[in-house]
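Observations on the model geometry
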Amino acid sequence: MILTCPSCATRYSVDGAKFPAGGRTVRCSNCGQSWQQMGEVPQSASSESVPPVSARPQSTRPESAGQEPSGQESTPPPASSEAQGPAPSGPSPEAAAAPFARGGAAPPPSARRAVPPGLAVAAGWVALIVVVLLIVVSAVRYRQDIATVWPQSAGVYSSLGLPVSAGGIDFRQVSYKRNSQNGQVVLSVSGRIVNTARRELPVPQTVCVTLSDADNRELYHWTFKSGAATLKPGQSVPFVTQLSSPPALARHLEVRFLKDAQ
C-alpha cells in the first residue's frame with residue numbers, strides 16, 4: 001500500500017493489512033504531518049483505537065512480508081524525483097513566447113502603425129480638389145442646361161467667355177458680308193438658329209439685327225422672322241437676312257431675339 005503525505009507529498013510503502021476499514025492515524029517522518037489513513041479492505045470487526053504510528057519513507061529495497069512499520073522516526077533517504085513531487089505542468093517562458101516568435105499570432109492593436117496626421121490631411125485636400133474639379137467640369141459641360149433652368153447664370157458664363165442662351169435657343173455660325181447689287185451696297189447676314197437644350201423648345205418668331213459704331217452706339221436695326229415654330233434637341237434652322245445701303249460707320253453687328261407679342 002502506498003501512502004502520500006498531504007503536506008510534503010513524500011510517498012511511503014506500508015503493509016495495507018495493518019490499516020483497518022476505519023483507518024488509523026499516521027505521521028510523516030519527513031515533515032511531521034499527521035493524518036487519518038483509511039484502510040483498503042473493509043473489516044467486519046469494529047475498529048479499535050490504535051496508537052499513531054510513524055510511516056517510513058519508501059526505500060530502494062522492498063520490505064519483507066513480516067516487517068512492521070517502525071514507531072520511531074528514521075532518517076529519510078535522499079529525495080528522489082518521485083518524492084520531490086511532479087514537475088510544474090505550466091508552459092515554460094520559451095513555450096509561451098513561441099507563437100509570437102513563429103508569427104502564428106497577430107500583434108496587439110496597439111502595435112499596429114498609426115496613419116501619420118500629415119498624410120491624412122493631405123488626403124483630405126486631394127479629395128476636396130477632386131470634388132471641386134468635378135463641379136467645375138460639370139458646370140462648363142452642362143452650362144446650357146444650367147442657364148435654361150437658371151437664366152441669371154447666363155451673364156456669369158458670358159463674362160467668362162462662355163456665352164449661352166438662357167432660353168435654350170441660340171444663334172450659331174453668324175457671319176456677314178457686303179455685296180454690290182444694282183449699284184448699291186447690300187449687307188448680308190447669315191447663320192443658324194439652334195436648340196441647345198435637351199428638350200424640344202419653341203422658337204421666338206422675331207429676330208432683330210442691330211448695327212453700331214466703334215463706340216457701340218446703335219446706328220440702325222431691322223427685324224425678320226426666324227422661320228421655325230419649334231426645334232428638337234440639337235436641331236437647327238438656317239437664316240439669311242439682307243439690308244441695302246447699311247450705315248458706313250457700322251462696325252459692330254448683333255443678332256438677338258425679340259419677345260413675341262402676346
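Residues numbered from 1 in each chain as written. Predicted model: local features only at pLDDT ≥ 70, side-chain atom pairs only at ≥ 80, totals over all residues. Heavy atoms only, no water.

**Digging into the packing of aromatic side chains**
To keep it simple, the criterion reads: Any two of the Phe, Tyr and Trp rings considered here, Trp counted by its six-membered ring, make a pair once their centres fall within 6.5 Å; the pair's planes then place it as stacked at under 30 degrees, edge-to-face at over 60, or tilted in between. For the purposes of this entry, the term helix denotes a DSSP run of H or I that reaches at least four residues, the term strand denotes a run of E that reaches at least two, and both are numbered from the N terminus. For each residue, the accessible area found with a 1.4 Å probe, counting protein chains only, is set against the maximum for its type, and the residue is called buried under 20%, exposed over 50%, and partly exposed in between.
For the coordinates displayed, the defined rule picks out 4 aromatic pairs. The interplanar angle of 25° and the centroid separation of 5.6 Å between the aromatic rings of F224 and F239 together place this pair among those described as stacked. Residue F224 is found in strand β10 (residues 218–225), and its partner F239 is found in strand β12 (residues 236–244); the two are separated by 15 residues along the sequence. The two residues F224 and F239 agree in class, both being buried. Grouping aromatic residues by their ring pairs yields a cluster made of F171, F224, F239 and F257.

**A few points about the pairing of strand β4 (residues 34–37)**
Quick note on the threshold: DSSP-based pairing: two strands are paired if at least 2 bridges between them are found.
Where burial is concerned, the two faces of β4 differ: the one with W35 and Q37 is buried and the one with S34 and Q36 is not. Counting the residues in the hairpin turn of strand β3 (residues 24–28) and β4 gives 5 residues, including G32, whose phi is positive at 85°.

**Quick look at the nonpolar core**
Counted only if it meets this: We define the nonpolar core as a collection of buried residues of types Ala, Val, Leu, Ile, Met, Phe, Trp, Tyr and Cys that are connected through side-chain atoms lying within 4.5 Å of one another. Contacts: residue pairs with any heavy atoms within 4.5 Å of one another.
Within the largest apolar cluster, 20 residues are counted, with the highest numbers of intra-cluster contacts made by V189, I193, W222 and L231. When residues of this core are traced back to their parent elements, those giving at least two are β6 (169–181), β7 (184–195), β9 (206–212), β10 and β12. If sequence neighbours within four positions are ignored, V189 has contacts with V174, S175, Y176, V209, W222, F239, V240, T241, L253 and V255. Core analysis: the second largest hydrophobic core is formed by 9 residues, C5, F19, C28 and W35 among them.

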